[in-house]
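Chain residues, written in single-letter form:
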Amino acid sequence: MMSQRNSTTQPGTTGEPEPAPRPAPANAIGEERILDAAYELLLAIGMRRMTMADIARHAEVSRATLYRRWPNVQAVVAALMTREWTIALVSAFQPDAVDGRARLVEGVVEVVAKTRVHPLMRKIIELDPEFLTPYLLERRGSSTVAHLALVEEGIRQGQADESIRAGDPVWLARQIILVSLASAVSGPVMAEKDEYTKLDEELRIMLTRYLTP
């Protein structure tokens, strides 16, 4: 009779059993997979009803893995928002504009238009608006910091090619972000969905006149 050890060998091997596969370390589990799961859950049930256990289960990871990266649901959603708006920023500011002012204005208008109708933003405003309050009234989130940096750099480029008026890029950028936030978040209060393009055109005119030398 063959021993149990020998019965597990494969033909053509040295007689040693194959080693059991080692589980992947926690840090090998992609962050995108977890954020995708959080995105789906947020759209389905809203942030208030979502738990860390829900996210872990939906992403098929352990809760320990999840907690090693984020302390709570709010932190996961903040990371998710940063990801979504980083994607919007990267795609909006195209290098083929006629000058720095046009590139900046069109980029800002596009980001505002996308933010206004983004499913994530609409769901949070609908079900969990208090999540946004600190970012609107108390502190800058990482997304706002990234937006400010990008707009400041766009202003400097426009000033270099003389398509944007003189002025401190830091304060010009802050005013642009304030106006943009209002249009993105409160736009649906002021216009119906089929009128959003009118909001975008007025924002385009406002920013162009504000920045023109």
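The residue count restarts for each chain, going from 1 along the sequence in the order it is written. Only residues with pLDDT of 70 or above have their local features reported here, since the model is predicted, and side-chain atom pairs are shown and tallied only from 80 upward, although totals for entire chains, interfaces and linings are computed over all residues. Hydrogens are left out, water is left out, and the side-chain values use all remaining heavy atoms of the structure.

1. Comments concerning the overall build of the chain
So, point 1. Helix numbering and strand numbering both begin at the N terminus, where a helix is a DSSP run of H or I of at least 4 residues and a strand a DSSP run of E of at least 2. Each helix and strand counted, the chain has 11 helices and zero strands in total.
So, point 2. Along the chain, helices and strands appear, N-terminal first, in the series α-α-α-α-α-α-α-α-α-α-α.
So, point 3. Exposure classes here rest on a 1.4 Å probe applied to the protein chains alone. A residue is buried below 20% of its type maximum, exposed above 50%, and partly exposed in between. Burial analysis of the chain (213 residues in total) assigns 38% to the buried set.
So, point 4. Only the protein chains shown count as covering a residue, and every accessible area follows the Shrake-Rupley method with a 1.4 Å probe. Surface summary for the chain: the accessible area is close to 12700 Å², and the carbon and sulfur share equals 56%.

2. Regarding the packing of aromatic side chains
In this description, a pair of aromatic rings is defined by centroid distance and the angle of the planes.
So, point 1. Two rings from Phe, Tyr or Trp (for Trp, the six-membered ring) form a pair when their centres are within 6.5 Å of each other. A pair whose planes differ by under 30 degrees is stacked, one over 60 is edge-to-face, and the rest are tilted. Applying the stated criterion across every chain yields a total of one aromatic pair.
So, point 2. Charges are assigned to positions over rings by a cutoff of 6 Å between ring centre and Lys NZ or Arg CZ, combined with an angular limit of 35 degrees from the ring normal. Cation over ring: R165 sits above Y210, and NZ or CZ is 4.8 Å from the ring centre.

3. Notes on unusual backbone geometry
So, point 1. Backbone geometry at E60 places phi at a positive 60°, although glycine is not the residue there.
So, point 2. Among the secondary structure elements, E60 is positioned in the loop between α3 (52–59) and α4 (63–69).
So, point 3. Its identity is not glycine, yet E162 carries a phi of approximately 65°, on the positive side.
So, point 4. Its location among the elements puts E162 in the loop between α9 (142–160) and α10 (169–190).

4. As for the UniProt feature "DNA-binding region" (unreviewed entry) in the chain
So, point 1. UniProt positions are given in the numbering used here, feature names are shortened, and annotations may be inferred rather than shown by experiment. Under the UniProt annotation, the feature "DNA-binding region" (unreviewed entry) is placed at residues 51–70.
So, point 2. Structurally, residues 51–70 comprises 75% helix and 0% strand, and the distance from its first C-alpha atom to its last is 12 Å.

5. Concerning the confidence of the model for the chain
So, point 1. Looking at the chain as a whole, its pLDDT mean stands at 86, while 86% of the residues score no less than 70.
So, point 2. Mean pLDDT across the secondary structure elements of the chain bottoms out at helix α1 (residues 4–7), with 40, and peaks at helix α11 (residues 196–211), with 97.
So, point 3. Looking at any residue, its pLDDT shows the predictor's confidence there, from 0 to 100. Note on contacts: a residue pair is in contact if any heavy atoms of the two residues lie within 4.5 Å. Contacts of residues 1–28 to residues separated by more than four positions or lying in other chains number 12 contacts, the stretch itself having pLDDT below 50.

6. Notes on a nonpolar patch on the surface
So, point 1. Patch membership requires more than 30% relative accessible area and the absence of a salt bridge. Residues of like charge join within 9 Å; the nonpolar side chains Val, Leu, Ile, Met, Phe, Trp and Tyr join within 5 Å. Any carboxyl oxygen of Asp or Glu that lies within 4 Å of a side-chain nitrogen of Lys or Arg is treated as forming a salt bridge with it. Together, L136, L137 and L181 line one region of the surface with nonpolar side chains, adding up to about 290 Å² of accessible area.
So, point 2. Checked against the element boundaries, L136 lands in helix α8 (residues 133–137).

7. Some thoughts on helix α2 (residues 31–45)
Owing to its 3.6 residues per turn, the α-helix brings residues three or four apart onto one side.
So, point 1. In a helix, the anticipated span is given by 1.5 Å times the number of residues less one. The terminal C-alpha atoms of α2, which comprises 15 residues, lie 21 Å apart, in line with the 21 Å expected from a rise of 1.5 Å per residue.
So, point 2. Among the residues of α2, I34, L35, A37, A38, Y39, L41 and L42 are the ones counted as buried.
So, point 3. In this fold, the buried residues of α2 make contact with α3, α4, α5 (73–92) and α7 (119–127).
So, point 4. Note on α2: the residue one or two positions beyond its end, G46, has a positive phi of about 85°.

8. Side note on the pattern of salt bridges
Side chains that differ in charge, positive against negative, can pair when their charged atoms come close.
So, point 1. Counted according to the given criterion, the structure contains 12 salt bridges.
So, point 2. Between D36 and R83 there is a salt bridge, with its nearest N and O atoms 2.8 Å apart. Here R83 lies in helix α5 and D36 lies in helix α2, a separation of 47 residues in the sequence.
So, point 3. Classification of R83 by relative accessible area gives buried; the value is 14%.
So, point 4. In this structure, R204 and E201 form a salt bridge, with 2.7 Å as the shortest nitrogen-oxygen distance. A residue pair is termed a helical-turn pair when its members lie 3 or 4 positions apart in one helix, as R204 and E201 do in helix α11 at three residues.
So, point 5. With a relative accessible area of 35%, E201 lands in the partly exposed category.
So, point 6. A single salt-bridge network, built from bridges that share partners, covers E32, D36, R83 and E84.

9. Regarding the environment of L211
So, point 1. Tracing the backbone shows L211 in helix α11.
So, point 2. Judged by relative accessible area, L211 falls into the buried class, the value being 1%.
So, point 3. The spatial distance from the C-alpha of L211 to the C-alpha of I155 is 8.6 Å, given a sequence separation of 56 residues.
So, point 4. Aside from chain neighbours lying at most four places away, what touches L211 is R101, L104, V105, S163, I164, R165 and I176.

10. Notes on the packing of α5 against helix α6 (residues 100–117)
So, point 1. Helix axes are fitted to C-alpha atoms over the stretch in contact, other axes to C-alpha atoms as well, and angles between N-to-C directions run from 0 to 180 degrees. Across the interface, α5 lies against α6 with an axial gap of 9 Å and an inter-helix angle of 145°. Note on packing geometry: the crossing formed by α5 with α6 is right-handed. Along the contact surface, α5 presents W85, A88, L89, S91 and A92, while α6 presents G107, E110, V111, K114 and T115.
So, point 2. Three classes are used: nonpolar for Ala, Val, Leu, Ile, Met, Phe, Trp, Tyr, Cys and Pro, charged for Asp, Glu, Lys and Arg, and polar for all others, with Gly counted as polar. Considering only residue class, the contact of α5 with α6 consists of five nonpolar, three polar and two charged. If you view the pair so one helix is near and one far, a crossing is left-handed when the near helix is turned anticlockwise from the far one by less than a right angle, and right-handed when it is turned clockwise.

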